[in-house]
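Chain residues, written in single-letter form:
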Amino acid sequence: IVLTFATITAAFAQLVVTGKVVDETGAGLPGASVLIKGTLTGTTTDADGRYSLEVSNSSSVLVYSFIGYSVVEITVGDRTVIDVDLVPNIQSLNEVIVVGYGTQRQEAVTGAVASVKGDVIREIPASNISQALQGRVAGVEMGQTSTKPGAPMQIRVRGSRSLLASNDPLIVLDGIPFAGSMNDIDPNSIKSVDILKDASATAIYGSRGANGVLLITTHQGQKGQKAQITYNGYYGVETIFAKYPMMNGQEFSALRAASAQKFTNTIDEADGTDTDWQDLIFEKGMITSHDLGVAGGTEKGRYYFGAGYFREEAVVPLQNFSRYSIRASIDQEINNYIKIGFNSTSNFSITNGNNSPAVGMALSRTPITNPYNPDGSMKEIVQEATSGAQWVPTNKRFRDLNDKYIDQTRAYGSYNTIFSEVKIPRVDGLKYRMNLGLNFRQSNSGSYTGQGVFSGVPTTVSTAATGNSLTTNWAVENLIMYDRTFADKHEVSAVLLYSAQQEKFNSSRVTARDIPSDAFQFYNLGRADGVITVNPSEQGYNQWGLVSYMGRVMYAYDERYMISATFRTDGSSRLAPGHKWHSYPAISVGWNIAKEQFMSTVGQINQLKLRVGYGETSNQSVNPYQTLGLLSTRPYNFGDATYSTGFYVSQLPNPSLGWEYSKTFNYGLDFRVFNNRLSGTIEYYVQNTKNVLLPVGLPTTSGVSSIIANMGETQNKGIELSLNGLILDDQDGWTWDIGFNLYANRNELVSLASGQTRDEGNWWFVGHPIDVIFDYENIGLWQQDDPHLSILEPGTASKPGMIKVKYTGTYNADGTPTRAITAADRQIMSMQSNFQGGFNTRVAYKGIDLSIVGIFKSGGLLNSTLYGSSGYLNNLNSRAGNNVRVDYWTPENTDARYPAPGGVGGDNPKYGSTLGYFDASYLKIRTITLGYNFKRSLLDKMGITNMRVYTTVQNPFVMFSPYHKESGMDPETNSYGNENAAVPLSQNLRRILTIGTNTPSTRNYLIGLNLTF
Amino acid sequence: CNSILDEQPRSIYTPDYFKTEKGVHGGLTGMYAHLRYIFGNAYFYNSTLTGTDEATWGASGSGGGFQIFDLSGAGLITASNSDASNLWFNTFPNINTANGVIENASAVGVSDALIAEARFFRAFDYFMLVQTFGGVPLDLGAGELKFNTSVARNSVRNTVPEVYTRAIFPDLLQAVANLPETGRVTGGVTKTLARLYLAKAYLTYAWWLENPNNIPTYPETDRTDPDGHNAQWYFQQAYDIATTAIDNPGPFGLVATYYDLHVGTNDRNKELLLYADHTQTSELYNGSSLSFGSGGDADNFAVWMLTWNYTALQSSKTSWASPQTVNSVQREAAQGLGRPWVRMAPPHGVFENTFADKENDARYDGTFSTSYRGNWPKAGVTNSFLYNANDLTVEPGDAILTFLDEVPADAIDYSNSVYKSNVGAGVLPGRADYVIAPNAFSRLVYPGLWKLGTYRTDNAGGLGQPNAANTRPFNIAKFSELYFVAAEAAVKGAATLPGKSAYDLINVIRARAGKWRWSNKENVEKIEDHSADVVAETPATIDINYILAERSREYYGEGYRWYDLVRTQKWEEIAGSYTICGTAVGDRTPVTVTRQIQITNYLRPVPQGQLDNMNVSIAEKDDYQNPGYRVNE
């Protein structure tokens, strides 16, 4: 058929079409293919992207294509000059994936690796990439640890496996393990993020990669590219997503009246007053970011320079985060054999007001407190029942503090990589490379609270503190790499590595009381009139080192069969002598089924790849010195003048502390069908972790509270699904694509120490996930006619309206319970979600595009310290501050969820902790963005190659969330462990993310501009 | 390159440090410091007083642990809610430290006197434990009384006689032998202190052997002494040791007046043998905030529990015809005021029986705050006088409210119809202060506990830091108790020395109680000697009940009471019921409450936290628990 067609067309006259093919940045694309549709005739573009091609007639259709870009078809018509823009195709078959110590075509990857492009990350403007990645990658969970400006998220790749050791993934920036925090990386500088999920992929990073690896690649120039300047900027307004659901004046007065304790109004409180303290304190916030970059290249080198500025002002007065960053990257070929380069990222950040008490004040002042004097002026102090005099918090009063208050952290980080690469002469494909990483991070914090500031007692003495920390880190990697293809069909890639790294950290902190002048703030604590304290528990030092040997071989035959094998040995300073070294293998295989001959007859399948991997990794991420035991200190005074520091053993030494290690099986299937329009990946994995590093809580009678030991076994197994579909592909100008990911992880403690199945002290239970709550199960409230109240809850204080919890004991023959509720009735409640994931969609018409990103989570438990007892905001007795707005039990309102005011219990209702547990499910739209790309024809005249304006709304709405339904609040966690609660949570709850009284979550409206010229 | 893998900590101590001389010193300081986590902690304090004749739950203590410990039926004491658990959690780590110091000390060449300090603290902790929980383990995992550095996830309880005869008595005997007369440091342990505890341990063990009311012990054991002595022998030992200590006081002795014993200016006086120290001079070494205490850890916040909310009191800036009310007694860091938590309250019997004599015996005035005086200028209220009861004016320092000693002949007008005290207090004709009669003291409004009150010198003429935990030492042992121990032993049949009969000994205490230097109630100097009057009231024959009553007069609110009643097995007899008015403003109807004290309540539950961390079966956990508190029974 082709032959016939070609013969016919040959009969017509010949035309010459010329033009230029450019990429998304407007730069010429060399080597792009231009083909006359239906023929074998065609050409490729030159170094500038230009082409010239003879076509037979005006009805010819030209097909423009380039690896990694979407194919464009254009009918010639009467034109002789046809310029074409090619846009990157994220589903491209030949996409290159960074796999650590090298890259690989996606087609050849055999491990579980997910890749996210920088553009996708920038769709969600944020201070760091963890926020931008949320909901984007199956199996990667981003948990919000704080709503304060600049706060990074907790990242979990395929769940938690360690009970004590870190579960944080390794971040590798441009090839070198990164010593800074997520916040030190400007999202605008990122070209791509590749996430290694399974052990066969992470094995090359050994112990440091046990929790997954995030490989971050930043922008570089291109060889031969002329200088190109890019600018990305946005500005936005932050508004409170939802106020904390506190009672208004009328509701609080009603609660006080209903409370059995009958606390009376103070002199500053009156029924009928309705003060909204949140309105008085919170304000609009602001977020802005500006980045400028220059990229270019010469014949033998390439460079990139960039500078960025980011600032976020919270809705809490005086709370903000600013970051200034610069980045430079150069590499140069010295001759045919030697290449050198360096990569440097530095940033300076200022965080203000992170410890501001404003939120707590906004929630705890009672709404019936009148902050105004009769003459309309603002009171400075108001009286509260039982808690006495309180500072009157208003936005203006915070702003007017000026020199009287500061809480600032200034940090400077510099992360540098130097490399040299030598091609070994006469051995094709063999080279030697040395990477040297030199990292430095310094942080200086200072705080000052002037006399009487935030205190109900105006004479409260001023306090100041200053702290410094310094982290230095070096890493050397020596690599021998061999890459070669034999006989067109045998691709071999091998790496040998020896590396060593060491990190040293020290910190100090000094506090002082009674600073004579507000102007001194924390800048000269020596001027303090009061005591200057250097608390030994606030001075820190640690140093750790890691030495590793690694070898990896990847082999592919005919692009059909792939195998990758890795072996690594790690030695860690953190573990006990004699137990410092551990070795482990990893192997994975892949089969590109679609490339088999027998598949050639099956249409519509562009790719079908099966992957199976097995690998071991290990984890040494206990803090240094854990093998040595610990004395805790207790400062003490003998009279007013003699001070001394006491000790006791709090942690036993463990001379046999060794590696925790995991064995992972991973099965994956990648597919692309319908002319690459639908692609996806399905993964299943099982990971067993043994010799888990565990802080074992000991009974008090052992005299010691804990020991770190290798005990127990955990398992994670899960399934991950990612789908990307191109529904409309430039159809009448319309493009529509959809991405979707879903994952479910099942975490289980398989065994604990010495056959133990329940460790109630540590909340560890065999057969249950690591993260559980061990508490009574709230099954409603006791009602008037419920039987057995006096048996299950003996005592005259127990009455209808109190919280009813599940009874697990036996019953007498007459149906009555045999005993009261006791500790034996506590239940194990899993925090684990059923599944979670994210979705995104983008619709484009000509220059206009609209994209939406959302995330969801189903099931699991959410702990809100706002509603639970540790927040002291839901004690339902009106004793001091305000109460969360809840529907509480009264004899007339018996179907309430919350107990009767002032009932059984001390400061909080009995079993009050159970009021904080909610179904964690939610579906939430994270961003909606509307953008416009200006026509190039318009821009060319201005010398601009690319220009885009957009407007984004972040956090627009939440759906299907029981917590949101109850509170109106954002259901995402905002606090880590025992932060932001009035009283510290139990030790066991501190590892679990919670919703506490942090800076309110915001809804942001942004406008942005991207420019390239 | 392997040096990269070596570790050298540079900012922490590891347990090896105990094997150095400085480490031994640090271990000893740690033992003193551990006292803070028990004594002055309000929840442990609750377990020592609430449920006795000294205290019941206060208005803000309803529903929770304070009401539960009252045993008046509101709820049961359980392993999970017991406030006595604090003792368990803080003593065993300290016992292990003592084991380590005793084991390592001779190797590093420290003196026997230092080792004796460790022995004292080990004995002290075991003595507290055995009284509170019954028999407790002597083997922490490395052998009996050995320093444990092994992983022990099980525990076996010894019996009460084992704990006394293998740990407490041998340690205290060595402590008596080797401790100095004068403490090594301010508040350091001494020979006299060791004698007091040895005498008290003998006395307590003698009662245990005698077991007059047949109270069960746990773990179950015969009431026979492994050393072959009987109760009488131990009573005699108690008497002998106590009187020896009285005759060889070293630097210790009774302070001249009861007021001087407790006034904040005179802390750490010569009568005090042991205290959990605190200071306002260093937040770090105080172990607790100097501006706001949240009530936990090392905070000395016990006194807040027995402090009522006087800050609600109101006077008027203008005549009561058209009042402009103001809080006339503001929260102040002063000994009679302080931070009000209203968790505990004294029943009427305290005022009617224990402190029946309020005239001669200075101890009532030296224990309670009975007059609340205006301090509004310190809060920035500029009025030079305020209108109070009867529309009479009061100046700063005048009484706003007085808790009367007796029910007055004239009826008090409690209506609060014109002069609104805001706390339900009444008015007597001609008096500018509001008044409340003893029969109207309630769970909400009652005299405060002056003796433990806040005292600071940095108020600078203002209200100071009333919300900080107390920076005064919390007193644990006094020289005066030697007289009580000897007297109690004498009552129980110990042969007495001439001039040291029970009557003689008690009258030493009572004679001092008659000496006045200051009147808290009138806030004026009062140098008077009513010793003869007080001694004249002493009955010729002293019995146990009189000893107990006298102990309550001397040590009211200091955390002795539950231990005294349990030792003498008089708990139900003396504290089986009490009378008090209710929780609401204006509640003036005395209500008599009967307590439900079970025989199993004589031992506190082993804390749930201990059981949760034990790697044994549920049945074994129940077996470890004291009877009456088992989760599955």
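The rules behind the values
- Residues numbered from 1 in each chain as written.
- Chains lettered and ligands numbered in written order.
- Predicted model: local features only at pLDDT ≥ 70, side-chain atom pairs only at ≥ 80, totals over all residues.
- Heavy atoms only, no water.
- Helix = DSSP H or I, 4+ residues; strand = E, 2+ residues; numbered from the N terminus.
- Expected span 1.5 Å × (residues − 1).
- Buried < 20%, exposed > 50% of the residue type's maximum accessible area, 1.4 Å probe, protein only.
- Pairing = 2+ DSSP bridges.
- Contact = heavy atoms within 4.5 Å.
- Buried area = accessible area lost by both parts, 1.4 Å probe.
- Salt bridge = Lys/Arg side-chain N within 4 Å of Asp/Glu carboxyl O.
- Polar contact = N/O pair within 3.5 Å; in protein donor to acceptor, adjacent residues only side chain to side chain.
- Nonpolar A, V, L, I, M, F, W, Y, C, P; charged D, E, K, R; others polar.
- Axes fitted to C-alpha atoms, helices over the stretch in contact; angles between N-to-C directions.
- Parallel < 35°, antiparallel > 145°, perpendicular 65-115°, else oblique.
- Left-handed = near helix turned anticlockwise from the far one by under 90°.
- Phe/Tyr/Trp six-rings, centres within 6.5 Å; stacked < 30°, edge-to-face > 60°.
- Lys NZ or Arg CZ within 6 Å of the ring centre and 35° of its normal.

### Section: helix α15 (residues 544-555) of chain B
All names here are of chain B.
- For α15, spanning twelve residues, the distance from its first C-alpha to its last is 16 Å, which sits close to the expected 16 Å at 1.5 Å a residue.
- Extensive coverage of α15 is indicated by the burial of ten of its twelve residues.
- Inspection of α15 places Ile544, Tyr546, Ile547, Leu548, Glu550, Arg551, Ser552, Arg553, Glu554 and Tyr555 among the buried residues, and these make up the whole buried set.
- Just past α15, the residue Gly557 takes up positive phi, approximately 75 degrees.

### Quick word on the pairing of strand β4 (residues 50-55) of chain A
Residues and elements named next belong to chain A.
- Every second residue of β4 is oriented toward a common face, the buried set being Tyr51, Leu53 and Val55 and the non-buried set Arg50, Ser52 and Glu54.
- Pairing geometry for strand β1 (residues 15-22) and β4, over six bridges, is antiparallel. What sits directly across from Val16, in β4, is Glu54.

### Describing the interface of chain A and chain B
- Contact residues are listed per partner, giving 94 residues for chain A and 97 residues for chain B.
- Summing both sides of the interface, chain A and chain B together bury roughly 7,600 Å²; the carbon and sulfur share of this comes to 56%.
- The largest per-residue losses of area from chain A upon contact with chain B belong to A:Tyr636, A:Phe647 and A:Thr701, which jointly make up 10% of the total buried on that side.
- Our count for the contact surface shared by chain A and chain B stands at six salt bridges.
- Salt-bridge contacts for A:Glu760 lead to B:Lys621; the nearest nitrogen and oxygen are separated by 3.8 Å.
- At the junction of chain A with chain B, the criterion picks out 31 residue pairs in polar contact (both at pLDDT 80 or more).
- By residue number, the principal contributor to the side of chain A that touches chain B is strand β34 (residues 642-652) of chain A, which donates nine residues.
- Here the residues of the side of chain A that touches chain B are counted per class, giving 40 nonpolar, 43 polar and eleven charged.

### Looking at the sheet that holds strand β3 (residues 42-44) of chain A
Residues and elements named next belong to chain A.
- Taken in spatial order, the four strands make up an open sheet running β3-β2-β5-β6, and their pairing is antiparallel. With partners counted over all chains shown, the strands left at the sheet margins are β3 and β6 (72-75), one partner each. Taken pair by pair, the neighbouring strands of this sheet meet at an average axis angle of 20 degrees, ignoring direction.
- Pairing geometry for strand β5 (residues 61-65) and β6, over four bridges, is antiparallel. From the neighbouring strand, Tyr64 faces β6, where its bridge partner is Val72.

### Some thoughts on the pattern of salt bridges
- On inspection of all chains with the given rule, the structure shows 82 salt bridges over all chains.
- The salt bridge partner of A:Glu73 is A:Lys37, with a shortest N-O separation of 2.8 Å. Of the two residues, A:Glu73 is situated in strand β6 and A:Lys37 in the loop between β2 (33-36) and β3; the sequence distance between them amounts to 36 residues.
- A relative accessible area of 46% means that A:Glu73 is categorised as partly exposed.
- One salt bridge in this structure joins B:Arg551 and B:Glu481, with 2.6 Å as the shortest N-O distance. Of this pair, B:Arg551 sits in helix α15 while B:Glu481 sits in helix α12 (residues 481-491), placing them 70 residues apart in sequence. Taken individually, B:Arg551 and B:Glu481 each receive the classification buried, so the pair is uniform in this respect.

### Here's the deal with the packing of helix α7 (residues 191-210) of chain B against helix α8 (residues 231-247) of chain B
All names here are of chain B.
- Across the interface, α7 lies against α8 with an axial gap of 8 Å and an inter-helix angle of 160 degrees. Put simply, α7 runs roughly antiparallel to α8. Between α7 and α8 lies a crossing whose hand is left-handed. The residues of α8 that touch α7, namely those facing Arg195, Leu198, Ala199, Tyr202, Leu203, Tyr205, Ala206, Trp207, Leu209 and Glu210, are Ala231, Tyr234, Phe235, Gln237, Ala238, Ile241, Ala242, Thr244 and Ala245.
- Across the contact of α7 with α8, the residue classes break down as 15 nonpolar, two polar and two charged.

### Observations concerning unusual backbone geometry
- Of note, the amide linkage connecting B:Tyr218 to B:Pro219 takes the cis form, showing an omega dihedral of -10 degrees.
- One can find B:Pro219 in the loop between α7 and α8.
- Phi is positive for A:His788, which is not a glycine, with a value near 75 degrees.
- The topology assignment puts A:His788 in the loop between β44 (778-781) and α9 (789-792).

### A few points about the side chain of B:Glu558
Residue and element names in this part refer to chain B.
- For Glu558, the location among the structural elements is in the loop between α15 and α16 (561-567).
- Within the structure, Glu558 has its side chain in polar contact with the side chain of Lys451 (distance 2.8 Å).
- Reaching out from Glu558, the side chain makes a polar contact with the side chain of Lys478 at a distance of 2.4 Å.
- Ignoring any residue separated from it by four or fewer positions in sequence, one finds Glu558 in contact with Tyr45, Tyr258, His262, Lys451, Phe474 and Lys478.

### Examining the sheet that holds strand β49 (residues 861-864) of chain A
Residue and element names in this part refer to chain A.
- Across the sheet, four strands lie side by side as β50-β49-β54-β53; this open sheet has mixed pairing. Two strands in the sheet have a free side with no partner beyond their single neighbour: β50 (917-919) and β53 (975-976).
- In terms of strand pairing, β53 meets strand β54 (residues 993-995) through two bridges, oriented antiparallel. For Ser975, the partnering residue across the bridge sits in β54 and is Thr994.

### Observations concerning the packing of aromatic side chains
- One pass over the structure, following the stated rule, counts 91 aromatic pairs over all chains.
- Judged by centre distance (4.7 Å) and plane angle (5 degrees), the rings of A:Tyr643 and B:Tyr285 are stacked. Taken as a pair, A:Tyr643 in strand β34 and B:Tyr285 in helix α10 (residues 283-286) lie in two separate chains rather than in one.
- In this structure, A:Arg634 packs its charged tip against the face of B:Tyr37, placed 3.9 Å from the ring centre.

### What to know about the environment of B:Gly493
- Counting through the fold element by element, B:Gly493 comes out in the loop between α12 and α13 (502-513).
- On a C-alpha basis, the gap between B:Gly493 and B:Leu209 in space is 14 Å, while along the polypeptide they are 284 residues apart.

### Focus: the side chain of B:Thr204
Residues and elements named next belong to chain B.
- Tracing the backbone through its elements, the reader meets Thr204 in helix α7.
- Thr204 gets classed as buried once you look at its relative accessible area, which sits at 7%.
- At 2.6 Å, the side chain of Thr204 forms a polar contact with the backbone oxygen of Lys200.
- When near neighbours in sequence (up to four residues on either side) are disregarded, Thr204 contacts Phe127, Gln131, Tyr164 and Arg567.

### Considering the pairing of strand β46 (residues 827-830) of chain A
All names here are of chain A.
- Because side chains alternate across β46, one face comprises the buried residues Gln827 and Met829, and the other comprises Ile828 and Ser830, none of which is buried.
- Bridge analysis of strand β43 (residues 772-775) against β46 gives four bridges, and the strand direction is antiparallel. Counterpart to Asp775 in the pairing with β46 is Gln827.

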